[in-house]
Amino acid sequence: QVQLVESGGGLVQPGGSLRLSCAASGMGFSINTMGWYRQAPGKQRELVALITRGANTNYADSVKGRFTISRDNAKNTVYLQMNSLKPEDTAVYYCHAATNYWGRGTRVTVSS
């Protein structure tokens, strides 16, 4: 069974940092494009960052320059390093693996 398990969310002050992790099992990790999405209350789910099997990346304009997505294929894990966090980054963050696999989400709250 394919499983994606996120961790690393929590409460952080504006300007702070968090690193999210997504541990994947049950798939050929190195061949999959993976990504992080987020959904804030009352808003649609949006793409935050993507990473291909070759480690090419793409970012939403709202996080470009602040967030970094990476992957460790040997550990079957994808990371999202989030720096300079803003209150508008508050959301539940979901790990995704192509084509149709989702984690259960980890909550990030940016507040003083």
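Everything that follows concerns the structure shown earlier in this document.
Because the structure is predicted, anything quoted here is derived from the model rather than measured.

Below, the discussion takes up the environment of Glu46. Residue placement: Glu46 occurs in strand S5 (residues 46–51). Judged by relative accessible area, Glu46 falls into the partly exposed class, the value being 30%. As a C-alpha pair, Glu46 and Tyr93 span 47 residues in sequence and 9.6 Å in three-dimensional space. Residue contacts for Glu46: discarding those within four places in its chain leaves Tyr37 and Arg38. Here Arg38 takes part through its side chain, which lies 2.7 Å from a polar atom of the side chain of Glu46.

Two cysteines whose sulfur atoms are joined by a covalent bond form what is called a disulfide. Evaluation of the coordinates by the stated rule reveals one disulfide. A disulfide bridge connects Cys22 with Cys95, and the sulfur atoms are separated by 2.1 Å. Taking the torsion about the S-S bond as the criterion, the Cys22 to Cys95 disulfide, at about -80 degrees, is left-handed. Highlighted residues: Cys22 in strand S3 (residues 18–25) and Cys95 in strand S9 (residues 91–97), separated in sequence by 73 residues. Judged by its relative accessible area of 0%, Cys95 falls in the buried class.

Moving on: the nonpolar core. If you look at the biggest cluster of nonpolar residues, it comprises 27 residues, and the most contacted ones within it are Met34, Trp36, Leu80, Met82 and Tyr93. Of all the elements in the fold, those that place two or more residues in this core are S3, strand S4 (34–39), S5, strand S7 (67–72), strand S8 (77–82), S9 and strand S11 (106–110). Not counting the four nearest positions on each side in its chain, Leu80 is found in contact with Leu18, Arg19, Leu20, Trp36, Val48, Ala49, Phe67, Thr68, Ile69 and Tyr93.

Cut-off values and rules
One numbering rule holds for all chains: residues counted from 1, following each sequence as written. Where local features are concerned, this predicted model is filtered to residues with pLDDT of at least 70; where side-chain atom pairs are given and counted, the filter is 80 or more; whole-chain, interface and lining totals use all residues. Neither water nor hydrogens contribute to the side-chain values; these are computed over all heavy atoms in the structure. Comment: elements are numbered from the N terminus, with helices defined as DSSP H or I runs of at least four residues and strands as E runs of at least two. Relative accessibility thresholds used throughout: buried, under 20% of the residue-type maximum; exposed, over 50%; partly exposed, between the two (1.4 Å probe, protein chains only). What makes two residues a contact is simply this: any of their non-hydrogen atoms within 4.5 Å. In protein, a polar contact requires one atom able to donate a hydrogen and another able to accept it; more generally it is a pair of N or O atoms within 3.5 Å, and residues adjacent in sequence count only if both atoms are side-chain atoms. Defined by distance alone, a disulfide is two cysteine sulfur atoms within 2.5 Å. What we call a nonpolar core is a set of buried Ala, Val, Leu, Ile, Met, Phe, Trp, Tyr and Cys residues that are connected through their side-chain atoms within 4.5 Å.

Take it as geometry only, folks, not as evidence of what the structure does.
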